[in-house]
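The chain contents come next:
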Amino acid sequence: MVRSRWRWKWLFLRRLTQVGILGLFLLGPMAGIWIVKGNLSSNLVLDLLPLTDPFLLLQTTVSGHLPETTALLGTAIVVTFYLLVGGRAFCGWVCPVNIVTDAAAWLREMLGLRPRARPSRTTRYWLLGTLLIMTALTGITVWEWVNPVSMLHRGLIFGFGFAWVVLLAVFLFDLLVAQRGWCSHLCPMGATYSLLGAGSIIRVRADDRARCDDCMECFRVCPEPQVIQPALKGTGDGPGPVITGMNCTNCGRCIDVCDQIVFHFGTRFHNKMEASS
Amino acid sequence: MTACGAALFGGGVTLYATNASAMPAQALRPPGVLDEETFLGACVRCGLCVRDCPYDTLDLARVGEPVAVGTPYFIARQVACEMCEDIPCVKACPTGALDPELTDIDDARMGLAVLIDQETCLNFLGLRCDVCYQICPLIGEAITLELDHNDRTGVHARFLHTVNSETCTGCGKCEAACVLDVAAIKVLPITLAKGQLGRHYRLGWEEQEKAGKPLLENIIDLPDRMPAGGGLQ
C-alpha cells in the first residue's frame, strides 16, 4: 500500500506560514506597509485587531500590574484561536525560534551527532513555575530579559543588538547538548501554550493506525515523540486514535513522512476506534 | 533534580534581570510611564509606542544596550520628545505601562531638566544664549530667566536659566538644543534630579500664612544686625 507522494506538504506549508507571518511584521518597517504593527508580544493588525501573547500577559499580571483592556482583549482573541488550532501550533507554525531549532535538529542528523544530555520534558513546567514565582516576588517580568522567542522576533523587527548570542546559544544547545533541547524540554513559553493545547480542537489523528508497519519514521521526525505512542499503538479499549498529548505542535511532519498514510488532521472528537471492517 | 535545575536556572535569570534593570541617567522613558519598577512588570516590549511616535523619538533597547532589553526609551540629546497633544505613544500602549490617565501632555514627567554645568552655560558666563529658554515648549514656565548682577563686567545683568520642577515635563528639547558641544542643561530622571525635604520639616513662613498669625505668640523681635556697618534695624 506504499504510495509515492510528495513528503513535504505540511513542512512546506509550515515554513511558508512562519516566513509569511514574519514577512507581514517586516513589511511595516521595511516597506512602509503597515498590516501588522508591533511584535509577537503584542501587536495591532490593520490598526484594528489587537493580539497579545498569553505568556506575556500572564507574566505582566503576575508581576502585579493588571493590563489594560486592549491587552486583555488581545489575549482573549489569541487564546480562542489556539484553543481551536492547538496550543503548541504557535510553536510549530508561528514562533521564529522553531526555524532555528529545526535547523539545529537537521544539522545534528546530518552530522550524526548524538547529544547525551536528556533533560526531562517536565523541566519546562518547573521553569515556568519558578519564573512566575520570581516575577511575583520581584515585580518585574524576569524572563523577558532572556526570552529567546521575543528576543529573536523583536530583534528582526526593531534591531538585533547582541540577541544573536542568545540564539546561537539555543542553536548550539540543541545541536550539541540536548536533542530538541530548547523547544521540547525547556521553553516556558511553549509550556504555556501546551497548557492551552490540553483541550484544543484540531488534532493529528491516527485513524488508520492498523496500517502502521513500524518503520518508526514518525517517531524520528517528531519533536515530541512521546505524544504519538498512545494514539498510534493503542488497541481495543485502550487510547483512541487522536493525538491528545498537549505538547503536540500540530506540525504535521508525521503526516508527511508516513508512507502508510496513517495520520491526518482532524478534530479531537470521536476518539474511539470504529469497529474495523 | 529537574525541579532543582529549573529553580537554579530561573534564579540565575532573575539575578541577571534584576541586575540588568538599572537605567542609565541619559535614558528617558516615554510620557505617562509608570514608576520604573512597575513599568518593568507592565511593559510587554511590543514596540507599539515606538511605532506610533510620529517623530521616531522612541526606540526599543537592543540586547547589549544599557537599558532593560526591549523596553522603550529615548536619549534627549539625540531626539527629544515633541510633546504631541494627542500623546499617540500612550494611546498605543496595550497594557497601560504608559498610563492612559495621562491626557494632558503638560502633565507628563519624563524627567527633570537641570542646568547641571554653570561653568560652561553661556548665560551663566554673562552672554545671552537663551536657546534652551526659547525652545522650551512651556516657554516662560518650565524655564525662567532670573536676573543676577554680573560681577565680571560690573554693569551688566546675567539672565540665569532656572528650571521649575512643577512645570518641566522632561521632554528634553532644552538638552537637545543646547549649543555647547556637551549640553550644560540635561534632563535627568526625577529621582536623581530632585531633593526632598525631611518629612517633618515645616517652612515657618508658609505655616504662618496658613495659620494667618504667628505660630508662637509673644516672640520678642530682637533687632537684626546688618552687615558692613549697616547698624541695627
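Residue numbers here run from 1 along each chain, matching the order of that chain's written sequence. Chain labels run from A onward and ligand labels from 1 onward, assigned in the order the entries are written. Given that the model is predicted, a residue must reach a pLDDT of at least 70 before its local features are reported, and side-chain atom pairs must reach 80 or more before they are shown or counted; all residues, however, enter totals for whole chains, interfaces and linings. Here the side-chain values reflect all heavy atoms present in the structure, with hydrogen atoms and water set aside.

Draft legend 1. Representation of the overall build of chain B. Counting from the N terminus, the helices are DSSP H or I runs at least four residues long and the strands are E runs at least two residues long. Broken down by element type, chain B carries eight helices and seven strands. With C-alpha atoms as the basis for the radius of gyration, the globule rule is written as 2.2 Å multiplied by the number of residues raised to the power 0.38. On C-alpha atoms alone, chain B measures out to a radius of gyration of 24 Å, which is more than a quarter above the 17 Å that the 2.2 N^0.38 rule sets for 233 residues. Considering only C-alpha atoms, chain B reaches an extent of 85 × 45 × 35 Å along its principal axes. When the 233 residues of chain B are sorted by exposure, 41% land in the buried category. Considering only intrachain contacts with a sequence separation of at least 6, the fraction spanning at least 24 residues in chain B is 60%. A 1.4 Å probe and the Shrake-Rupley method give the accessible areas. Residues count as covered only by the protein chains that appear here. In the structure as shown, chain B presents an accessible area of about 13,200 Å², 54% of it carried by carbon and sulfur atoms. Positive charges come from Lys and Arg, negative ones from Asp and Glu, while His and the chain ends are left out of the count. Note on charges: their place is set at NZ of Lys, CZ of Arg, CG of Asp or CD of Glu. The average position of the 18 basic charges and that of the 31 acidic charges among the side chains of chain B differ by 3 Å. A simple rule labels every residue: compare its accessible area, found with a 1.4 Å probe on the protein chains alone, to the largest value its type can have, and call it buried under 20%, exposed over 50%, or partly exposed in between. Every residue pair with non-hydrogen atoms within 4.5 Å of one another is taken to be in contact.

Draft legend 2. Broad picture of the interface of chain B and chain A. Listed as interface residues are 42 residues of chain B and, on the opposing side, 44 residues of chain A. Defined in terms of a 1.4 Å probe, buried area is the accessible area two parts forfeit on being brought together, summed over both. With both chains or domains summed, chain B and chain A bury close to 3,400 Å², and 69% of this area falls on carbon and sulfur atoms. In terms of surface lost to chain A, no three residues of chain B exceed B:Arg45, B:Arg51 and B:Val63, which account for 18% of the buried area on that side. For this analysis, a salt bridge means a side-chain nitrogen from Lys or Arg found within 4 Å of a carboxyl oxygen belonging to Asp or Glu. Joining chain B to chain A, the criterion identifies one salt bridge. With its nearest N and O atoms 2.7 Å apart, the salt bridge here joins A:Lys37 to B:Asp52. Counted as a polar contact is a pair of N or O atoms within 3.5 Å, where, for protein atoms, one must be capable of donating a hydrogen and the other of accepting one, and residues adjacent in sequence contribute only when both atoms are in side chains. Between the two partners, chain B and chain A, sit 14 residue pairs in polar contact (both at pLDDT 80 or more). Looking at the side of chain B that touches chain A, the elements that each hand over two or more residues are α1 (2-19), α2 (36-42), α3 (48-52) and β2 (59-60) of chain B. Here the side of chain B that touches chain A takes 12 residues from α1(B), the largest share from any one element. Side-chain classes follow a simple rule in which Ala, Val, Leu, Ile, Met, Phe, Trp, Tyr, Cys and Pro form the nonpolar group, Asp, Glu, Lys and Arg form the charged group, and the remainder, Gly included, forms the polar group. Here the residues of the side of chain B that touches chain A sort into 23 nonpolar, 13 polar and six charged.

Draft legend 3. Representation of the pattern of salt bridges. With the rule as written, the count across this model stands at 22 salt bridges over all chains. Two residues, A:Arg14 and A:Asp102, come together in a salt bridge whose shortest N-O distance is 3.1 Å. Pair noted here: A:Arg14 is in helix α1 (residues 9-31) and A:Asp102 is in helix α5 (residues 97-111), with a separation of 88 residues, a long-range link. In terms of burial, A:Arg14 and A:Asp102 fall into one category: buried. Close ionic contact of B:Lys173 with B:Glu82 constitutes a salt bridge, the shortest N to O distance being 3.0 Å. With B:Lys173 in helix α6 (residues 173-177) and B:Glu82 in the loop between β3 (72-75) and α4 (88-92), the pair connects residues that are 91 residues apart, well separated along the chain.

Draft legend 4. Molecular detail of the domain arrangement of chain A. All names here are of chain A. Where each domain begins and ends is defined by an automated method or by a domain database. In terms of domains, chain A is made up of domain 1 (53-195) and domain 2 (203-269). Of note, the centres of domain 1 and domain 2, computed from C-alpha atoms alone, are 25 Å apart. Counting residues at the interface gives 16 residues for domain 1 and 12 residues for domain 2. Looking only at domain 1, the three residues that lose the most surface to domain 2 are Arg 88, Trp 93 and Arg 121, adding up to 39% of its buried area. Summed over the shared surface of domain 1 and domain 2, the number is four salt bridges. Close ionic contact of Arg 88 with Glu 224 constitutes a salt bridge, the shortest N to O distance being 2.5 Å.

Draft legend 5. Examining the confidence of the model for chain B more closely. Residue and element names in this part refer to chain B. In predicted models, pLDDT denotes the confidence assigned by the predictor to each residue on a 0 to 100 scale. Considering every residue of chain B, the mean pLDDT works out to 90; 98% of them sit at 70 or more. At the low end of the mean pLDDT range in chain B sits α1, at 83; at the high end sits α6, at 95. Reported confidence for the predicted complex is 0.86 by ipTM and 0.85 by pTM.

Draft legend 6. Inspection of helix α10 (residues 188-197) of chain A at higher detail. Most of α10(A) sits out of view: nine of its 10 residues are buried. Those residues of α10(A) not exposed but buried are A:Pro188, A:Met189, A:Gly190, A:Ala191, A:Thr192, A:Tyr193, A:Ser194, A:Leu196 and A:Gly197.

Draft legend 7. Molecular detail of the nonpolar core. All names here are of chain A. As used here, the term nonpolar core means buried Ala, Val, Leu, Ile, Met, Phe, Trp, Tyr and Cys residues forming a set that is joined through side-chain atoms within 4.5 Å. Counting 117 residues, the largest nonpolar core has Tyr 82, Phe 90, Ile 228 and Phe 263 as the members making the most contacts within it. A total of five residues in this core trace back to one element, the largest contributor, which is helix α7 (residues 148-158). The residue makeup of this core includes at least three contributed by each of domain 1 (53-195) and domain 2 (203-269). Filtering out sequence-adjacent residues up to four positions away, Tyr 82 remains in contact with Gly 87, Ala 89, Phe 90, Val 94, Tyr 193, Leu 196 and Ser 200.

Draft legend 8. Highlighting a nonpolar patch on the surface. There is a patch of nonpolar side chains on the surface, built from A:Phe162, A:Trp164, A:Val165, A:Leu168, A:Leu172, A:Leu176 and A:Val177 and spanning about 630 Å² of accessible area. Relative accessible area serves as the criterion here: at 35%, A:Val177 is assigned to the partly exposed category. Within the patch definition used here, like charges are joined within 9 Å and nonpolar side chains (Val, Leu, Ile, Met, Phe, Trp, Tyr) within 5 Å, considering only residues with over 30% relative accessible area and no salt bridge.

Draft legend 9. Geometry of the pairing of strand β3 (residues 49-52) of chain A. All names here are of chain A. Burial along β3 is one-sided: the residues Pro 50 and Thr 52 are buried and none of Leu 49 and Leu 51 is. Summarising the sheet, strand β2 (residues 42-45) and β3 pair through four bridges and their orientation is antiparallel. From the neighbouring strand, Val 45 faces β3, where its bridge partner is Leu 49. As consecutive antiparallel partners, β2 and β3 are separated by three residues, and within that stretch Leu 46 has a phi angle of approximately 50 degrees, a positive value. Strands are treated as partners if at least two bridges between them are detected by DSSP.

Draft legend 10. Spatial organisation of the sheet that holds β2(B). Residues and elements named next belong to chain B. Read from one edge of the open sheet, three strands run β1-β3-β2, paired in antiparallel fashion. A single partner strand is all that each edge strand has here, and the edge strands are β1 (27-28) and β2. Sheet analysis places β1 next to β3, joined by two bridges and oriented antiparallel. Each residue of the ladder has a partner; that of Leu 28, found in β3, is Phe 74.

Draft legend 11. Structural detail: the sheet that holds β3(A). Residue and element names in this part refer to chain A. Taking strand neighbours across the sheet as the criterion, the three strands line up as β1-β2-β3 in an open arrangement whose pairing is antiparallel. Each of the sheet's edge strands pairs with one partner strand only, and the pair in question is β1 (36-39) and β3. Strand-to-strand twist in this sheet, taken as the mean axis angle between neighbours without regard to direction, amounts to 10 degrees. Angles here are taken between N-to-C directions and fall from 0 to 180 degrees, while the axes themselves are lines fitted to C-alpha atoms, restricted in helices to the stretch in contact.

Draft legend 12. Fine view of α1(A). The seven residues ending at a residue and the seven starting there each receive a fitted axis; the angle between those axes is the bend at that residue. Maximum bend of α1(A): about 35 degrees, positioned at A:Phe25, with proline A:Pro29 one to four residues after it. A:Gly32 lies just past α1(A) and shows a positive phi near 75 degrees.

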